[in-house]
Amino acid sequence: EVEVEVNDSLMRFFDHCAKFVALVEENDAAMCQVNAFKEGPEMKKVLEKVASALCLPVEELNADLVQVAFLTCSYELAIKNVTSPWCSLFSEEDAKVLEYLNDLKQYWKRGYGYDINSRSSCVLFQDIFQHLDRAVQESKSSKPISSPLIVQVGHAETLQPLLSLMGYFKDAEPLLATNYARQAQRKFRSGRMVPYAANLVFVLYHCERANASREEYRVQLLLNEQLLPFHHSNETSCTYTDLKEHYKDILENCHFKEECELPKVNVTAVDEL
């Protein structure tokens, strides 16, 4: 039997962060880049092609409707391994445009677009390291590890901000409505970062034959069952001490309550973000 605890304040931190909810989640202006791309030349070309294929006036379609058709195609292919008739409406280039539209949304709503997107996840990041710290302390005192495996279940919206907080998949140039062509080789691709059943695993090792005490405990990260090189070293293995030093600022100075508190003075959402 497995004991399950529902902890939405930890795994749905974004719902409990007033600053994120008010200035990003419920603020239409925060998605200005997404809305601009919907009206841009790349999406206009896709709209015209789809309207022509359906024998409809292009005025009867918009980016949201076309995206629904594309998602219907992709969902049936991914879940049922069935090629939906809707897929015939799109070329590979169309798919890239619609992928960028979704990445824009994830970037500005869950990724690097606004600091609060990732900073709100520090409560989860700190919780992970508290569990790792406890395992190290129990190991050093020769006690049985009280929690050798900890499984926390959330959403893509849980994992995306956490990966951004850790510095992964960050491009030199932000994703904008106007730089689709320049972002063809972007790192930030939400479909690869958080696909269906996305998962991030921290694995802690005790190395009994370590040459120094700081090398006694090492960590590996796996994203979607693939080794993820550490952001600060590009290595797939890191001492636990070095990892904590690299993320020292987040572990010590990111306080959820203060991060998520709404400004007490009258400022515009754009100014605050």
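See the structure above.
For clarity, every value in this text was computed on a predicted model and none was experimentally measured.

**Notes on the pattern of salt bridges**
Then, in step 1: Under the criterion given, the structure shown has 15 salt bridges.
Then, in step 2: Ionic pairing is found between R186 and D103, a salt bridge with its closest N-O pair at 2.8 Å. Here R186, found in the loop between α9 (156–165) and α10 (190–193), pairs with D103, found in helix α6 (residues 92–109); they are 83 residues apart in sequence, far enough to count as distant. An identical accessibility class is assigned to R186 and D103; each is buried.
Then, in step 3: Residue D133 pairs with K244 through a salt bridge whose shortest N-O separation is 2.9 Å. You can see D133 sitting in helix α8 (residues 122–140) and its partner K244 sitting in helix α11 (residues 240–246), a full 111 residues away along the chain.

**Some words on the packing of aromatic side chains**
Then, in step 1: Taken as a whole and judged by the stated rule, the model has 16 aromatic pairs.
Then, in step 2: With a centroid separation of 5.2 Å and 65 degrees between ring planes, the pair formed by F37 and Y100 is classed as edge-to-face. Remark: Y100 occurs in helix α6 and F37 occurs in helix α3 (residues 32–38); sequence separation between them is 63 residues. Per residue, the accessibility class of F37 equals that of Y100, and both read buried.

Procedures and definitions
Sequence order as written defines residue numbering, which begins from 1 separately in each chain. Where totals are concerned, whole chains, interfaces and linings use all residues; where local detail is concerned, this predicted model gives features only for residues with pLDDT of at least 70, and gives and counts side-chain atom pairs only at 80 or more. Hydrogens and water are ignored here; the side-chain numbers use all heavy atoms of the structure. Salt bridges are counted wherever a side-chain nitrogen of Lys or Arg sits within 4 Å of a carboxyl oxygen of Asp or Glu. In this text, helices come from DSSP runs of H or I with a minimum length of four residues, and strands from runs of E with a minimum of two, each type numbered from the N-terminal end. For each residue, the accessible area found with a 1.4 Å probe, counting protein chains only, is set against the maximum for its type, and the residue is called buried under 20%, exposed over 50%, and partly exposed in between. Here a Phe, Tyr or Trp ring, Trp counted by its six-membered ring, pairs with any other such ring whose centre lies within 6.5 Å, and the pair is stacked when the planes are under 30 degrees apart, edge-to-face when over 60, and tilted otherwise.

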